[in-house]
Number of protein chains: 4
Amino acid sequence: MADDMLMIGGESFTSRLITGTGGAPSLEVLEQALIASGTEITTVAMRRVDPGTAGSVLDVLRRLGIRVLPNTAGCFTSGEAVLTARLAREALETDWVKLEVVADERTLLPDGVELVDAAERLVDDGFRVLAYTNDDPVLARRLEQVGCVAVMPLGSPIGSGLGIRNPHNIRLITEQAGVPVVLDAGLGTASDAALAMELGCDAVMLATAVTRAQSPLLMAEAMRHAVEAGRLAHRAGRIPMRHHAYASSPMAGMLDASPEHPAF
Amino acid sequence: MADDMLMIGGESFTSRLITGTGGAPSLEVLEQALIASGTEITTVAMRRVDPGTAGSVLDVLRRLGIRVLPNTAGCFTSGEAVLTARLAREALETDWVKLEVVADERTLLPDGVELVDAAERLVDDGFRVLAYTNDDPVLARRLEQVGCVAVMPLGSPIGSGLGIRNPHNIRLITEQAGVPVVLDAGLGTASDAALAMELGCDAVMLATAVTRAQSPLLMAEAMRHAVEAGRLAHRAGRIPMRHHAYASSPMAGMLDASPEHPAF
Amino acid sequence: MADDMLMIGGESFTSRLITGTGGAPSLEVLEQALIASGTEITTVAMRRVDPGTAGSVLDVLRRLGIRVLPNTAGCFTSGEAVLTARLAREALETDWVKLEVVADERTLLPDGVELVDAAERLVDDGFRVLAYTNDDPVLARRLEQVGCVAVMPLGSPIGSGLGIRNPHNIRLITEQAGVPVVLDAGLGTASDAALAMELGCDAVMLATAVTRAQSPLLMAEAMRHAVEAGRLAHRAGRIPMRHHAYASSPMAGMLDASPEHPAF
Amino acid sequence: MADDMLMIGGESFTSRLITGTGGAPSLEVLEQALIASGTEITTVAMRRVDPGTAGSVLDVLRRLGIRVLPNTAGCFTSGEAVLTARLAREALETDWVKLEVVADERTLLPDGVELVDAAERLVDDGFRVLAYTNDDPVLARRLEQVGCVAVMPLGSPIGSGLGIRNPHNIRLITEQAGVPVVLDAGLGTASDAALAMELGCDAVMLATAVTRAQSPLLMAEAMRHAVEAGRLAHRAGRIPMRHHAYASSPMAGMLDASPEHPAF
């Protein structure tokens, strides 16, 4: 819908599905999946290597006209993340960065203290920072306050496929946010992505849910529809939940339909 | 997708979203919503009256080329349902019927004993019966055994918007079913519909989730995308759930990206 | 609590935990677990054999003063169940029976049609019937109407340990029931049993959750506390759920606590 | 159980239920509820006033022999919390403190950055710090690393009664923790408390679930049983979850029970 653009970092996008490249079985499959997803932003890890796809991922993205969003995956401290972001800015000529500072390799959960520090330094340095964070409303607000252009709370741990473990927290975040909220990490299937949008997220970010699906192509298409479905449903205003049944139409007294005048 | 048609009652359909008409604020809104939903089958109640829309609902459906599926909503006994189905067949010249036999007006839950009896009689009488049922796998199997062309388990009580209360049962039903399974009743928003399809349902049926939404038009469009999303995700084969994180790509040892050779 | 007895079949009990014997590793372990559970009613299968425990289970129950409740596990038709109940009545000199009529060996789910038929016949024959059923409120009501002294809806399939899959349905059942509701089947751990009672069930029935636990003795004790906890919580009237936080006490303006007059 | 003591801050306790006093309708009701709960530790707010109960709460706790755990509720910065803790130490002659630093009055959610800072300062100052935190495993670990003697993750916002919104995170915390984990905040009813213990928590802390229940006395008793139930279940080792049914005992071939030799 032309009148429902995603505004982020001062630019506008038609698609609300942001993708990653990790886990793709081949460059060809990745390219097909990216096309099927309709994505306009794809994040690439500056510190990780995808064997067999290194380097040429950028070529694919350029050919498809997809914006490259460098990320700092694999950084465990504020210092590493700031350095990685600066190298990315030089290499890719973009001041956008998806900031990731994780606490350890096992959980890949964000380290809030390091994250806030890195965000402050990068914002001061002129970056447009999209911050990957946990689902804590307080941390999300602080990231917004230090100047991030988007906050990216997780649904569940990276790659877990557990979906949105705490919808309540995601709603607390979207209710209060003054910048776009992008649900990032943990989504496993289409209904997860739709739910994220229904909770008020502005966009969804995912990688392995598509790249490691049995058919990345079909799942990419599924996710495109799911994000659109969730966004539309959010805008549509859903019916309330009721404890008991509610007939869709009032009951007519007696059976009075006739061939000439059926009663609907 | 031309290669992924819904086969039901010996006929094939492109859309997997079946709609009802109850609750629409006006015929105009209903017509717009039906178009936006992409539906090819719409059910109409033979025993209920939608004030202001009586009669002309049929005109709308004919104009849109949508198949009319008469239902027996409002019937509390097998006898009433059979009579209603026969009147519908005469009035609408179709041997398709969505069979509803509910236990009471408050819960609108199916009465299993009456339902099986009515299904047997209608099948014997040459009807193609799509049976609205609860989420009991045993009752669903029995309805298939007596010859129903589709079983339509509920997600939650009609009009409740509670979504799918028992996904486990729905999966037990779809795992065993030899006829199409249509998730019917209780859906409230897009992610509910996507989940239904991911659980293996062949189609989704809904009415008030669309007609009573704040914007029926937007919600109809949302549901169209949601059903497609869920179907594609089901076919795509989702990633497994993991208790812990799983990095989307193997970790590179040290930071080695350079402006010339970024490492992705 | 002496003033909160379970009334069932015209008799009263202090304990609200009904147990089964299947799955116990030995008679000794079973006996210890039964004692720890505080149970006053234990059901035994007339058609199943517990290798190594046959026969002497009855001795244990008699020694412990626990009422024996014969059940018709393993019956697939109304006829089998009625015959089994009659044999049990002769063998055990009790007109109590836990009626089970399941649809197949794989799901062990009740067959509603056969179940109602058997219940009617047994009630006519003077039995006090406690009917194992699914979580369908309509079927539960019909079983009450034909004269069962208790309805026993499942939480999830027998032995699955999935807990209560559909709390909404259990609540619909307890809201309407005029006879005791006993949550039967599927419970896996203590919080499941507490939840059952909080939903308004009058008692809980379980077997494998205790007998197949790593320590049947500890789990039996856990379940005894859990049932009591859930019952007390149900009677106590819980606080409502709120979307936002709610301070446990009003905020004092400024810090004014002093060593002499701390402000609590 | 004498062999299953709670060890915390170098001391041991029989009860695993820690209570708060806020919200009690009267001192008399509070005293009865404390007795019924079996609690051995009760936290009191140094910066909040409970009208009508100020001051004398301490008398009640002393009379009942319950350890007083001062808390810093109402503090929004590290500095406020440190000051409050020091005043509490002087006033109450204890170096134990439940550290709360919340971000705002509406959510009452912990502010991770301020919290870690305050914890470090208080540990350096010789306090035994029990830190109220969100359910982020990384923050919990950091609090342990700076020397807290216990971490107290929330189930959901204070007073919300929403129970444990993210059991997955709580389990991640208990799996890794080297100090006691006390589930704090959000619990609404007995099954919530049992679940907390089953997830591996060492204790449960609650206030309004009891004090604002319709009957604080009954709910206090319920919670005592629930904590015991959950702890025992955790130690017992629950059965695994299965997708399908699992008969509690192997099926005997044919009906062979006789009055003399019933087959169990």
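Conventions adopted
- Residues numbered from 1 in each chain as written.
- Chains lettered and ligands numbered in written order.
- Predicted model: local features only at pLDDT ≥ 70, side-chain atom pairs only at ≥ 80, totals over all residues.
- Heavy atoms only, no water.
- UniProt positions renumbered as here; feature names shortened; annotations may be inferred.
- Helix = DSSP H or I, 4+ residues; strand = E, 2+ residues; numbered from the N terminus.
- Buried < 20%, exposed > 50% of the residue type's maximum accessible area, 1.4 Å probe, protein only.
- Contact = heavy atoms within 4.5 Å.
- Areas by Shrake-Rupley, 256 points an atom, 1.4 Å probe, with all protein chains shown as cover.
- Buried area = accessible area lost by both parts, 1.4 Å probe.
- Salt bridge = Lys/Arg side-chain N within 4 Å of Asp/Glu carboxyl O.
- Polar contact = N/O pair within 3.5 Å; in protein donor to acceptor, adjacent residues only side chain to side chain.
- Disulfide = S-S within 2.5 Å.
- Axes fitted to C-alpha atoms, helices over the stretch in contact; angles between N-to-C directions.
- Parallel < 35°, antiparallel > 145°, perpendicular 65-115°, else oblique.
- Left-handed = near helix turned anticlockwise from the far one by under 90°.

Per an unreviewed UniProt entry, chain A goes by Thiazole synthase and derives from Embleya scabrispora. Its UniProt record gives chain A the following Sequence similarities (unreviewed entry) comment, quoted word for word: "Belongs to the ThiG family."

Engineer: Would you explain the overall build of chain A in this entry?
Structural biologist: On a plain count of helices and strands, chain A comes out with 9 helices and 10 strands. Counting the 264 residues in chain A, one finds 65% classified as buried. In chain A, of all internal contacts separated by at least 6 residues, the share reaching a separation of at least 24 is 67%. Entry remark: accessible area of chain A is about 8700 Å², with carbon and sulfur atoms responsible for 51%.

Engineer: What should I look at first to understand the interface of chain D and chain B in this one?
Structural biologist: Interface size is commonly expressed as the accessible area that is lost once the parts come together. Counting from both sides, the interface comprises 6 residues of chain D and, opposite them, 6 residues of chain B. Together chain D and chain B conceal approximately 500 Å² of surface at their shared face, both sides included; 50% is due to carbon and sulfur atoms. Viewed at the interface, chain B and chain D are joined by 0 salt bridges. Taken together, chain D and chain B are joined by 0 residue pairs in polar contact (both at pLDDT 80 or more).

Engineer: How should the state of the cysteines be read in this particular structure?
Structural biologist: Each disulfide is one covalent bond, formed between the sulfur atoms of two cysteines. Here the structure, examined in full by the defined rule, presents 0 disulfides over all chains. A:Cys148 provides the cysteine sulfur closest to A:Cys75, a residue in no disulfide bond, and the two sulfurs are 15 Å apart.

Engineer: Where do I start with the packing of helix H7 (residues 190-198) of chain A against helix H9 (residues 216-236) of chain A in this structure?
Structural biologist: The relative placement of two packed helices is expressed as an angle between their axes plus a distance between the axes. All names here are of chain A. Packing of H7 against H9 brings their axes to within 7 Å, and their N-to-C directions diverge by 30 degrees. Judged by the angle between their axes, H7 and H9 are roughly parallel. Between H7 and H9 lies a crossing of right-handed hand. Facing Ala-190, Ala-193, Ala-194, Met-197 and Glu-198 of H7, the residues of H9 in contact are Ala-222, Met-223, Ala-226, Val-227, Gly-230, Arg-231, Ala-233 and His-234.

Engineer: How should the UniProt feature "active site" (unreviewed entry) in chain A be read in this particular structure?
Structural biologist: Residues and elements named next belong to chain A. Under the local residue numbering, the UniProt record ascribes the feature "active site" (unreviewed entry) to Lys-98. By secondary structure assignment, the location of Lys-98 is in strand E6 (residues 96-99). In contact with Lys-98, not counting residues within four places along its chain, are Thr-43, Leu-69, Pro-70, Asn-71, Thr-72, Leu-130, Tyr-132, Met-152, Asp-184 and Met-205.

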